[in-house]
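# Fold and geometry: a report
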Protein chains: 2
Amino acid sequence: MGVVTPPKTPKQDRSRATRLRLLEAAVACLAEHGWAGSTVSVVAERAGVSRGAAQHHFPTREDLFTAAVEYVAEERSAALRALPVQARAEVVGALVGLYTGPLFRAALQLWVAASNEEQLRPRVTELEARVGRETHRIAVELLGADEERPGVRETVQGLLDMARGLGLANLLTDDAARRRRVVTQWAALLDGVLD
Amino acid sequence: MGVVTPPKTPKQDRSRATRLRLLEAAVACLAEHGWAGSTVSVVAERAGVSRGAAQHHFPTREDLFTAAVEYVAEERSAALRALPVQARAEVVGALVGLYTGPLFRAALQLWVAASNEEQLRPRVTELEARVGRETHRIAVELLGADEERPGVRETVQGLLDMARGLGLANLLTDDAARRRRVVTQWAALLDGVLD
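Rules used in this analysis
- Residues numbered from 1 in each chain as written.
- Chains lettered and ligands numbered in written order.
- Predicted model: local features only at pLDDT ≥ 70, side-chain atom pairs only at ≥ 80, totals over all residues.
- Heavy atoms only, no water.
- Contact = heavy atoms within 4.5 Å.
- Buried area = accessible area lost by both parts, 1.4 Å probe.
- Salt bridge = Lys/Arg side-chain N within 4 Å of Asp/Glu carboxyl O.
- Helix = DSSP H or I, 4+ residues; strand = E, 2+ residues; numbered from the N terminus.
- Axes fitted to C-alpha atoms, helices over the stretch in contact; angles between N-to-C directions.
- Parallel < 35°, antiparallel > 145°, perpendicular 65-115°, else oblique.
- Nonpolar A, V, L, I, M, F, W, Y, C, P; charged D, E, K, R; others polar.
- Least-squares fit on C-alpha atoms with pLDDT ≥ 70 in both.
- Buried < 20%, exposed > 50% of the residue type's maximum accessible area, 1.4 Å probe, protein only.

What follows concerns the interface of chain B and chain A. Every contact between the two is made by 39 residues of chain B and, on the other side, 39 residues of chain A. A per-residue breakdown of the area chain B buries against chain A is headed by B:Leu168, B:Leu172 and B:Trp186, which together make up 21% of the total. Inspection of the chain B/chain A interface yields two salt bridges. One salt bridge connects A:Asp161 with B:Arg178, and the closest N-O pair in it is separated by 2.9 Å. Of all the secondary-structure elements, those providing two or more residues to the side of chain B that touches chain A are α1 (10–33), α6 (102–116), α7 (121–143), α8 (152–169) and α9 (176–194) of chain B.

Below, the structure is given as structure tokens:
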């Protein structure tokens, strides 16, 4: 923002790299082993970081895993925002793609754990609301949707709910072929509303 | 089916009642405490049944919880099939309602656990496919959808995916007001495709 920031020291770079390794290991761990199998120790080992260093970055288990899901969600949002202008079916496909990878699996594990654990719940609820608003904003922009028109906002919301449901349908089996057909059809439906 | 069945003995009635109490306690337990907190002992205690009696009905933990989710899914399907003919927005609301109660919470806990546990996964995958097909059949019938027409099948599938996504959005917060607006809008969109 016009302010001159001092150049980073090698120590700051190392610290940042450690933090990123922990965040990425945390998401992978959550996606593969679920909340019950995801502890700070397991993640530190996977990231090749000492438990002490991990706790320096993230004092509690809740800190580590909510930060991890938030970090990956921001990465995905940035990638989506950088997409070139595309046909609507491709945009719908890209939005649905947000909910079918390891990030969605990790986020789902966190949501479900938060529904049963009081100390996790408020943080995950707040995180989910923030990520949800951002995803909605990106969807409106990529789809070229005019939310001033009646019904458009709810149409986009329903589309993102569908994307989340498609992610859930992909949890236990590879649902890609059916998903493609649903995406094609719903993209055509959207054209009728948004144009 | 025209075959005379012998009248049930009081012992059979008692056994059946015990089984039902176990199934209902299992779903409630799964919805409230998740897979990690749901054991046969916890369910037996909640149902007021001895652990031995519980194991007589359901030899393994997997048997008990998959049977419980299946039982409640069948109850919900039967209730849905018995609905009088309704306007499309009401049908969409009823279908979405399948995914917002304790059954959905319980099923979600089971799906997510199955994604991390090999001994649970094949049974839950098979159960989910069976329940999914049945829900699709009921939706087609209640919506008066003609699947011979191009796009209709995928429209109904996408609607059920949306319903599942709305269920997920309701996991941590009460999403009823937003959900009502999305349902109203998508029911109107459906009218354009199905009529």
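With that settled, the discussion passes to the packing of helix α9 (residues 176–194) of chain A against α9(B). At a closest axis distance of 11 Å, the pairing of α9(A) and α9(B) adopts a crossing angle of 100°. The orientation of α9(A) with respect to α9(B), classified from their angle, is roughly perpendicular. Contact with α9(A), carried on its side by A:Gln185, A:Trp186, A:Leu189 and A:Val193, involves B:Gln185, B:Trp186, B:Leu189 and B:Val193 of α9(B) and no other residues of that element. Across the contact of α9(A) with α9(B), the residue classes break down as six nonpolar, two polar and no charged.

Quick look at the relation of the copies chain B and chain A now. Placing chain B over chain A gives an RMSD of 0.0 Å and needs a rotation angle of 180°, together with 0.0 Å of translation along the axis. What we have between these two chains is a two-fold relation. A symmetric contact is evident, with 100% of the interface residues of chain B recurring at the interface of chain A.

Now for the pattern of salt bridges. Taken as a whole, this structure holds 24 salt bridges over all chains when the rule is applied. A salt bridge links A:Arg137 to A:Glu134; its shortest N-O distance comes to 2.8 Å. Highlighted residues: A:Arg137 and A:Glu134, both in helix α7 (residues 121–143), separated by three residues, approximately one helical turn. B:Glu126 serves as the salt-bridge partner of B:Arg130, at 2.8 Å between the closest nitrogen and oxygen. Highlighted residues: B:Arg130 and B:Glu126, both in helix α7, separated by four residues, approximately one helical turn. According to the relative accessible area criterion, B:Glu126 is partly exposed, its value standing at 43%. Each of A:Asp161, A:Arg164, B:Asp175 and B:Arg178 takes part in one network of salt bridges that share partners.

In short, shape yes, function no, at least from these values alone.
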